[in-house]
Amino acid sequence: MKKSFIERAAAYPHIVWSVLFIIAPLIFVVYYTFTDADGAFTTENVERMFTSNYVLIFINSVCLALIATVICLLIAYPLAYIFSRMKEKWQRIMILLIMIPLWMNFLITTYSWMTILEDTGIINSILSLFGLSAHMINTPGAVVIGMVFCFLPYMILPIYTVMSGIDERLLEASADLGCSGWQRLTKVVMPMSLSGVISGITMVFVPSISTFYISQKLGGGTFQLIGDTIESYFVGTAINYHFGAALSLVLMILILISMAIMNHYTDSEQAERRRIK
Amino acid sequence: MKRFCVSALFAVCVLLLALLTSCSGGDHDDLYVYNWGEYISDGSEDSVNVTKEFEAYYKELTGRDIKVHYTTYPSNEDMYAKISSGTSNYDIIIPSDYMIERMIGEGLLAEIDIESVCEKYGAECYYKYIGDDYRGLYYDPENKYSVPYTYGRVGVIYNTEMVDEEDLGGWELLWNEKYTGKILQFNNSRDGFATAQYMLDLDVNSTDGDTWRRAQSELLRQKPLIQSYVMDEIYNKMESGEAAVAAYYAGDYFTMLDINEELGFYYPERTNVFVDAMCVPAGSANKEIAQLFINFMLSEDIAIANAEYIYYASPNSLVFENEGYIEDMGEEAMEILYPEGFNFAEELNKYAYRNLDAGTLELVNSLWEDMKITGGLPNHVYVTAGVLAAAIAVGIAVIVIRRKRRERFY
């Protein structure tokens, strides 16, 4: 069927939107990365990243984001499975409960975690009743807690969506064919929910690796992540868009590579399953 | 058809967004004020709502309606980033001294002449009440671009319950190992470096890299003692007793004291002096109204309301000579805000931050970044991450091997 003029014209807003707000900013990032203050071509911004401690900042960010993502996955996977096997009414309620924290601005959530984890905070005042105390604020652990809390819903929701689509009869069939509970999980549920896990991992890992607010408030600024560093080059004392853009570009490439690796293995896994079917 | 509907819906959304972001108006004037957070009397806790008062004042003066759009910024650098991008339309900004110097140099500020604007509108002009000490300052020697709003100094705030009296007096308190884990440091390179520079009696405006490196080594020595690097979180942490020692602006000490009576304050011998002054950006579309607003901010009732609300020292003689104000502030506050024998102009020239050249700024920022990242994370974080990465690698390997086996099987 040939598309009418109106139908084609109606797609233009999409195109304009993507060009204006997705393509154009990316071009600017690349442009700034490879120019200096006078607009001349240079690779100095990229080289500088490998001559100083910036490599360490990248490693720090990757480590914390990785830990947070794995913890999110470990919490979210069983939860999503349990939710997806509940009665429909309960499913709706549970998902609503997962969504509620998202209605609150995550800056406020993070700020509240600061007062919860402080040495004079809520947890410690309860602990002190029993003569205990735990130093939590301004440690990498506190940052990971903040990341997990803020981004957990983004892990649960995609996994839940995929799992609730798994046909109950497949599970029954596998049981009939002699699968143990464990085998059912590893041979049926896990392969079928893989796509949800992958999008969950993407949705948690990417904001975790680039966050700056959480690390500043809960880490106390005693160690730096890549998000903090990028921020400081855009609004800090020495504004240097060129170096900031270079850091952003490398971060984007890093994320793209890790996503590509994940997708490469899991996509072929799913294609395989479809072929067998 | 479905595709068309989606697209149409999308187009409507874009249109709505465009409508929302475009300016309304036509039947009234607009004034865009861009100020620090918590830096004007805003009507909370029975104070005077200055922007509302101005709307009434303007109506009376000109017979026209006006809407004041008020937005805030957290630091000079944020404000500078926005104004210098050329995309904003603010009419009033209140930068600090060194930033005014920089912005004048870059042609970002408009020349103002309050007296002639007042004359034109038939308004009483209050500029003459600005004290002589606060005119012709280094950043604007001919008073062509700015009208001082407040001034102050940085001092050390401490918790009297937690800090011993014999340790007080200097910047050394921020380096005192007795208070490890209870000390807060500025999370901004200029103020952070300055604490070390004032302690070592170094020039805070030095263009010599070694001066900054010396200060950096001092900050590195301090790092293990620091609880966290903060800006506005300081209120929370000092008020709750989470931290015991912090350097901050004198006016803000009183805001904290209102909540936690155990806090004390002193000025070290050498410390930063700053002036925040009202300016009109060169890109402003309402320069005359902006000057009327500046003049209005200098009028007696409004200036006092602001000074009492924000607790910063005022350069306006209608304020600092007003008996009601002096009484309201109380003896202790007056002593800290307006210390006897304090030579403002001299101290400002000696200790104020000046605009640094681009090369030095770059160096300062990278030294600060290096200081912040030194030490990295505790080893167990790297070990955990390494183990997880290994586990993921094994997981992927298992998937790949299983797939290969299956391929052979079919």
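Quantities reported herein were computed from a predicted structural model and do not represent experimental measurements.

Draft legend 1. Looking closely at the overall build of chain B. The helix and strand inventory of chain B stands at 17 helices and nine strands. Considering chain B as a whole, with its 410 residues, one finds that 41% of them fall into the buried category.

Draft legend 2. Representation of the overall build of chain A in the model. On a plain count of helices and strands, chain A comes out with 13 helices and zero strands. Listing every helix and strand of chain A by position from the N terminus yields α-α-α-α-α-α-α-α-α-α-α-α-α. Per-residue burial over chain A gives 32% buried out of 277 residues.

Draft legend 3. Layout of the pairing of strand E1 (residues 29–36) of chain B. Residue and element names in this part refer to chain B. Bridge analysis of E1 against strand E2 (residues 66–73) gives eight bridges, and the strand direction is parallel. When the bridges of E2 are listed, aspartate 30 appears paired with lysine 67. As a crossover connection, the stretch from E1 through helix H2 (residues 50–62) into E2 is right-handed. Taken together, the two bridges between E1 and strand E3 (residues 92–93) define a ladder with parallel strand orientation. Considered in E3, the bridge of valine 33 is made with isoleucine 92.

Draft legend 4. View of the nonpolar core. Of all hydrophobic cores here, the largest spans 112 residues; its most connected members are Ile92(B), Ile157(B), Val245(B), Ala246(B), Met278(B), Phe293(B) and Ile294(B). Counting contributing residues, this core receives three or more from each of domain 1 (26–150 + 275–338) and domain 2 (152–273 + 361–373) of chain B. Sequence-distant contacts of Ala246(B), defined by excluding residues within four places in its chain, comprise Ile157(B), Leu184(B), Ile234(B) and Met238(B). Within the second largest apolar cluster, 56 residues are counted, among which are Val148(A), Ile226(A), Ala245(A) and Leu247(A).

Draft legend 5. Spatial organisation of the domain arrangement of chain B. Residue and element names in this part refer to chain B. Domains assigned within chain B are domain 1 (26–150 + 275–338) and domain 2 (152–273 + 361–373). Between the C-alpha centres of domain 1 and domain 2 the distance comes to 29 Å. Contacts between domain 1 and domain 2 engage ten residues on the former and nine residues on the latter. Class assignment for the residues of the side of domain 1 that touches domain 2 results in eight nonpolar, two polar and no charged.

Draft legend 6. Here's a closer look at the interface of chain B and chain A. Taken together, the contact between chain B and chain A spans 45 residues of the former and 39 residues of the latter. Put simply, the parts of the chain that give the side of chain B that touches chain A at least two residues each are helix H1 (2–21), helix H3 (76–84), helix H6 (189–199), strand E6 (226–230), helix H16 (358–373) and helix H17 (379–409) of chain B. Taken together, the residues of the side of chain B that touches chain A break down into 21 nonpolar, 13 polar and eleven charged.

Draft legend 7. Quick look at helix H9 (residues 250–259) of chain B. Residues of H9(B) that are buried include every one of Ala250(B), Gly251(B), Asp252(B), Tyr253(B) and Met256(B), and no others. In this fold, the buried residues of H9(B) make contact with strand E4 (146–159), helix H8 (234–239), strand E7 (245–249), strand E8 (263–266), helix H11 (300–310) and helix H14 (331–337) of chain B.

Draft legend 8. Seen up close, the packing of helix H6 (residues 106–117) of chain A against helix H8 (residues 140–164) of chain A. Residues and elements named next belong to chain A. In the contact formed by H6 and H8, the axes pass within 10 Å of each other and the chain directions differ by 140 degrees. Here H8 runs oblique to H6, going by the angle between their axes. The way H6 lies across H8 gives a crossing that is right-handed. Contacts between H6 and H8 involve Phe106, Thr109, Thr110, Trp113 and Leu117 from the first element and Ala142, Ile145, Gly146, Phe149 and Cys150 from the second.

Parameters and conventions
- Residues numbered from 1 in each chain as written.
- Chains lettered and ligands numbered in written order.
- Predicted model: local features only at pLDDT ≥ 70, side-chain atom pairs only at ≥ 80, totals over all residues.
- Helix = DSSP H or I, 4+ residues; strand = E, 2+ residues; numbered from the N terminus.
- Buried ≥ 20, exposed ≤ 12 C-beta atoms within 10 Å, placed from the backbone.
- Pairing = 2+ DSSP bridges.
- Right-handed = clockwise from strand over helix to strand, strands pointing away.
- Core = buried A, V, L, I, M, F, W, Y, C linked by C-beta atoms within 7 Å.
- Domains from an automatic or database assignment.
- Contact = placed C-beta atoms within 7 Å.
- Nonpolar A, V, L, I, M, F, W, Y, C, P; charged D, E, K, R; others polar.
- Axes fitted to C-alpha atoms, helices over the stretch in contact; angles between N-to-C directions.
- Parallel < 35°, antiparallel > 145°, perpendicular 65-115°, else oblique.
- Left-handed = near helix turned anticlockwise from the far one by under 90°.

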